[in-house]
Amino acid sequence: MTALDLDRFPRVRLAHLPTPLEPLERLSAHLGGPRIYVKRDDCTGLAFGGNKTRKLEFLLGDALGKGADTVITCGGVQSNHTRQTAAAAARLGLACHLVQQEPEPWHDPDYGDSGNQFLGRLFGAELHSVPTEADRSAGMERVAGELRARGGKPYIIPGGGSNAIGGLGYAGCAIEIVEQAGAMDLAVDCIVLPSGGGGTQGGLVAGLAALGSGIRAIGIDIDAEGEAVADRVRGVAAGTAGLLGVRDRVADDAVAVNDDYAGEAYGKPTPGMIEAVTLLARLEGLVLDPVYTGKAIAGLIDLARSGAFGTDDTVVFIHTGGTPALFAYRGAFAGL
Ligand SMILES: *Cc1c(COP(=O)(O)O)cnc(C)c1O
């Protein structure tokens, strides 16, 4: 029994849960502490895995409850969210429309065609292009209007699935971490994860608050806009905690976002990301991604090197997935 029953919310089962919680022994030894564990949300199972699958269990539960026959969502061409949404829609027999903004944050010969973009096509999603990120909402509304005019029943999922309902998926991850740590006799001091749209960290914070857990969560901003990320995390934390009936339990200081590791912009490689992705590959055989988890673990490594954790602390890193995008960044790993 857990303190939180998430099955009272409409939900479809898509993910392989619980995902493993594993020690990164060679990384921990390499850094001389803290003790680092990885929560393998890259292993959620659907279509190469990732954090969006947990959110989609609740978002698509809501969509099916409302009678939807089509889902519409948005992202960049290498969006992990659109890839997981397209796969989930295929699995549930729903049509899927993806609204994609044009400018690409990184130029690589394969960027526009490989990785997530190829997979979205493979899952049969219909792609729509809009000029900029700011045009995505209007683009989704336009597609929804066209579908409704033809008698369709579209359901719009916001970018990244980052809203109160999506956050329920990460309240679920908080429950798993607390239960697994208990079974492994671990006293977790801190959880570190990448943060952008805010749904992952917001849901996690809401779940930890609902459980009465004192574990700190540090989001590493990957959008190069720390204040905006923190605002979005606070919004989802409040919304998801509201759904869970524990809004008053989310402390004002429960949302911590560190914006030192994003580099110039979303999706632009940093030297720390390249170092971290290469280091984890060689020490642990673990594949990280260039946009989210690579920058986030670069942050964790730098924080460890600069003494931000006690050497005996236990830190859990959430691997939120994103690995298909690595192949769109081949050129960033010059010399390999
Ligand atoms: C979308 C994504 C994130 C960010 O999650 P938010 O809930 O938007 O903050 C982190 N990692 C990966 C791999 C993602 O695809």
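About the thresholds
Residues numbered from 1 in each chain as written. Predicted model: local features only at pLDDT ≥ 70, side-chain atom pairs only at ≥ 80, totals over all residues. Heavy atoms only, no water. Near = heavy atom within 4 Å. Polar contact = N/O pair within 3.5 Å; in protein donor to acceptor, adjacent residues only side chain to side chain. Areas by Shrake-Rupley, 256 points an atom, 1.4 Å probe, with all protein chains shown as cover. Helix = DSSP H or I, 4+ residues; strand = E, 2+ residues; numbered from the N terminus. Nonpolar A, V, L, I, M, F, W, Y, C, P; charged D, E, K, R; others polar. Domains from an automatic or database assignment. Expected span 1.5 Å × (residues − 1). Buried < 20%, exposed > 50% of the residue type's maximum accessible area, 1.4 Å probe, protein only. Buried area = accessible area lost by both parts, 1.4 Å probe. Salt bridge = Lys/Arg side-chain N within 4 Å of Asp/Glu carboxyl O.

Engineer: Describe the site of the ligand, naming the residues involved and giving the relevant values.
Structural biologist: Taken together, 16 residues lie around the ligand, and Lys52, Lys55, Gly196, Thr200 and Thr320 are the ones closest in. Here an oxygen atom of the ligand and a side-chain polar atom of Lys55 are 2.6 Å apart. Between the ligand and the protein, one listed contact pairs an oxygen atom with a backbone N or O atom of Gly199 at 3.2 Å. Bound to the protein, the ligand loses 97% of the 390 Å² it would expose on its own. Sorting the residues of the shell around the ligand by element identifies α2 (52-65), β7 (190-195) and α7 (199-211) as the ones contributing at least two each. By residue class, the composition of the shell around the ligand is 2 nonpolar, 12 polar and 2 charged. Here the shell around the ligand spans two domains, and each of domain 1 (21-50 + 166-333) and domain 2 (52-161) adds at least three residues to it.

Engineer: Run through helix α8 (residues 226-244), naming residues and quoting values.
Structural biologist: Taking 1.5 Å per residue as the helical rise, α8 with its 19 residues ought to reach 27 Å, and the 27 Å between its terminal C-alpha atoms agrees with that figure. Those residues of α8 not exposed but buried are Gly226, Val229, Ala230, Val233, Val236, Ala237, Ala238, Thr240, Ala241 and Leu244. Directly beyond the C-terminal end of α8, a positive phi value near 75° is found at Gly245.

Engineer: So what's going on with the domain arrangement of the protein? Residues and values would help.
Structural biologist: Domain boundaries assigned for the protein yield domain 1 (21-50 + 166-333) and domain 2 (52-161). Each of domain 1 and domain 2 was reduced to a C-alpha centroid, and the two centroids are 24 Å apart. Taking both sides of the interface into account, the surface hidden between domain 1 and domain 2 amounts to around 2200 Å²; carbon and sulfur atoms contribute 60%. Looking at the side of domain 1 facing domain 2, the largest losses of area belong to Leu46, Gly166 and Ala328, adding up to 26% of the total buried there. There are 2 salt bridges connecting domain 1 and domain 2. Residues Arg54 and Asp41 are paired through a salt bridge, measuring 2.7 Å at the closest nitrogen-oxygen approach. The interface formed by domain 1 and domain 2 holds 8 residue pairs in polar contact (both at pLDDT 80 or more) in total. Sorting the residues of the side of domain 1 that touches domain 2 by element identifies α6 (164-183) and α7 as the ones contributing at least two each. Of all the elements, α6 adds the most residues to the side of domain 1 that touches domain 2, at 7 residues. Residue composition of the side of domain 1 that touches domain 2, grouped by class: 15 nonpolar, 11 polar and 5 charged.

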